[in-house]
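Residue-level structure breakdown
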Amino acid sequence: MTALDYAPATDLVEAIRTRRLSPVEVLEDVLERAERLQPSLHPFMTIDADRARDAARDAEAAVMRGASLGPLHGLPVSVKDLEPTAGLRTTYGSKFFEDFVPDFDGAVAGRLRSAGATLFAKSNTPHFGYKDLCDNLLGPPTRNPWNLERTPGGSSGGAAAAVAAGIGPLAHGSDGAGSIRIPAALCGVFGFKPSLGLVPYWPNPDFWAARSHNGPITRTVRDAGLMLNALAGPDPRDPVSLDMPPRDWLAVCDQADLEGLRVAWSSDLGYAAVDPEVRRITRSAAMRFEELGCIVEEVIPGWDDPSAWAALLWDFQLAARNQERLAQRPDWIEPSLRDMIEHGRQATSEELGRAQLARTSFYEQARAFMEPYDLLVTPQMPCVAWSLDDWPREIDGHPTPNLFDHLQFTYPFNLTGWPAATLPCGFNREGLPIALQVVAGWHQDALCLRAAAAFESIQPWAQHRPPLAA
């Protein structure tokens, strides 16, 4: 391990600007660590070392000639393999795209390049990001750097594992039902799901599902603010992107005064199965918001459990996009994905219509609940990282046979579109990370980041290193 491996992105970008570090030097450190840990951790689908070195040399030349520099100039960044990258293999975690090389960048990849970032790798993801493990039919699964027999979560599992293991300070993630926050929690790093549309999501197979978010996975809140400065802003290709005035998201992270804010704490939302150790540790962490001047109230939100109809909408959309592929090559579709496709195919038009109406009712319930509060705090995940082989089928004695049964704290805030942050807050008796979730209301991204930064200031996390980091 070198001094650069766990350096914050904010420090690295300043060192590059002031010529104390070269982009080439920073990249070589990241590539050395990536190539050394890839065989055991497998966070990446593709490492693009040669083109990354070319980009780093160009970044160095720009610094030396005094050119105008973007906010991420010279920083190595990994991009999730659901995001197209021009000239670089993009598999979507799927055998159907095993050798696909697009000739265009997605909105996020394009913005990262424009901000001066060096795209050095594509991070691992399950097939089209359909689940919260990080395996597919293309190669070995990504492993959790805190315990190599456990999953890092998904679907941005490669991104979170890489950041936790010190392979670059910044990683792109995407989140359709928790896919930034799940692996951030299980790997002990910071994840931020911005408001729907704050960061554009293009290309997108279904804009009108209004559920998918792009965002940063980092080790510090300020690094997430730095990355968000490069990513946020409208894009006409994404019809639900937000046309809002530019904002300095890094500066937002330095405005940490939370005095007098009303915080709702819920350990289970009134219906979620939660491991007792997770419940105890997250409750203790949530009460620390009182040290920041907040008024913390323990609550049961009282909204209806959305899991059944939310799972139906998820599976129906999977079926609509993949049933022809299932017919064409059933051997290229994993059994659990096949089950979801079959479930979605069986849905009637009446069931789908009722599910859409239920989503509207749920939003109204959630909005009414949040009116007297500034923030909602929950456990991020109901348990710690589970086996590489399957998601947890039981939590605290309660059966959790289906995907959405153990995502009770994540997908509701895809349904509302609200910002949500993952804050590492402790370890269980096995030494595996546990995290809080901080949720803010409609378009309150600045408040969510402020709260996250304030919590980080009294419970710093970035110095923690998984065993693999040694």
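You'll find the structure just up there.
Residues numbered from 1 in each chain as written. Predicted model: local features only at pLDDT ≥ 70, side-chain atom pairs only at ≥ 80, totals over all residues. Heavy atoms only, no water.

1. Considering the packing of aromatic side chains
On inspection of all chains with the given rule, the structure shows 20 aromatic pairs. On the basis of an interplanar angle of 70° and a centroid distance of 5.4 Å, the ring pair of W303 and F362 is categorised as edge-to-face. In this pair, W303 sits in the loop between β8 (295-298) and α10 (307-328) while F362 sits in helix α12 (residues 349-370), placing the two residues 59 residues apart along the sequence. On the basis of relative accessibility, which here comes to 3%, the residue F362 falls in the buried class. Geometrically, the ring pair formed by W314 and F404 is tilted, given 5.9 Å between the ring centres and 55° between the ring planes. Of this pair, W314 sits in helix α10 while F404 sits in the loop between β11 (398-399) and α13 (412-415), placing them 90 residues apart in sequence. By relative accessible area, which is 9% here, W314 ends up buried. Members of the aromatic cluster, joined through ring pairs, are W303, W309, F362, Y363, F369, Y373, F413 and W418. R325 extends its terminal NZ or CZ atom over the ring of F96, reaching a point 5.9 Å from the ring centre. Note that R465 overlies the ring of Y6, its terminal NZ or CZ placed 3.9 Å from the centroid. (Phe/Tyr/Trp six-rings, centres within 6.5 Å; stacked < 30°, edge-to-face > 60°. Helix = DSSP H or I, 4+ residues; strand = E, 2+ residues; numbered from the N terminus. Buried < 20%, exposed > 50% of the residue type's maximum accessible area, 1.4 Å probe, protein only. Lys NZ or Arg CZ within 6 Å of the ring centre and 35° of its normal.)

2. Here we look at the packing of helix α4 (residues 107-114) against helix α7 (residues 221-231)
Packing of α4 against α7 leaves a shortest axis separation of 8 Å and a crossing angle of 105°. By the angle between their axes, α4 is roughly perpendicular relative to α7. Note on element contacts: α7 touches α4 through M227, A230 and L231, opposite V108, R111 and L112. Residue classes in the contact of α4 with α7 are distributed as 5 nonpolar, no polar and 1 charged. (Axes fitted to C-alpha atoms, helices over the stretch in contact; angles between N-to-C directions. Parallel < 35°, antiparallel > 145°, perpendicular 65-115°, else oblique. Contact = heavy atoms within 4.5 Å. Nonpolar A, V, L, I, M, F, W, Y, C, P; charged D, E, K, R; others polar.)

3. Quick notes on the pattern of salt bridges
Evaluated as defined, the whole model comprises 25 salt bridges. Between E28 and R53 there is a salt bridge, with the nearest N and O atoms lying 2.6 Å from each other. Taken together, the positions of E28 in helix α2 (residues 23-41) and R53 in helix α3 (residues 49-64) put the pair 25 residues apart, joining distant regions of the chain. For E371, the salt bridge identified is with R367, shortest N-O distance 3.0 Å. Residue class for E371 comes out exposed when judged on its relative accessible area of 57%. Several salt bridges converge on common partners, so that one network encompasses E364, R367 and E371. (Salt bridge = Lys/Arg side-chain N within 4 Å of Asp/Glu carboxyl O.)

4. So, the nonpolar core
Of all hydrophobic cores here, the largest spans 125 residues; its most connected members are L112, F289 and L436. Not counting chain neighbours up to four residues away, the residues in contact with L112 comprise L72, V77, V79, A117, L119, M227 and L231. Residues A159, A161, A162 and I217 belong to the second largest nonpolar core, which totals 27 residues. (Core = buried A, V, L, I, M, F, W, Y, C linked by side-chain atoms within 4.5 Å.)

5. Side note on the side chain of H406
Of note, H406 is situated in the loop between β11 and α13. In this structure the side chain of H406 is engaged in a polar contact, spanning 3.2 Å, whose partner is the backbone oxygen of L403. Excluding residues that lie within four positions of it along the chain, H406 makes contacts with D132, M381, P382, W386, W391, P392 and I395. (Polar contact = N/O pair within 3.5 Å; in protein donor to acceptor, adjacent residues only side chain to side chain.)

6. Digging into the sheet that holds strand β9 (residues 375-379)
Spatially, β1-β3-β2-β4-β6-β5-β12-β13-β9-β7-β8 is the arrangement adopted by the 11 strands of the open sheet, whose pairing is mixed. Every other strand in the sheet has two partners, leaving β1 (44-47) and β8 as the edge strands with one partner each. On average, adjacent strands in this sheet sit at an angle of 25° to one another, irrespective of strand direction. When β9 meets strand β13 (residues 433-440), the two strands line up antiparallel, connected through 5 bridges. When the sheet's bridge partners are listed, L376 is paired in β13 with V439. Of the strands in this sheet, β5 (190-193), β9, β12 (420-427) and β13 touch helix α14 (residues 445-458), which is tilted by about 15° from β12. (Pairing = 2+ DSSP bridges.)

7. Looking at unusual backbone geometry
Geometrically, the link from G154 to S155 is a cis peptide bond, its omega value of 5° lying close to zero. Structurally, S155 is set in the loop between β3 (118-123) and α5 (157-164). Of note, A210 is a non-glycine position whose phi angle comes to about 50°, a positive value. Within the secondary structure, A210 is located in the loop between β5 and β6 (213-218).

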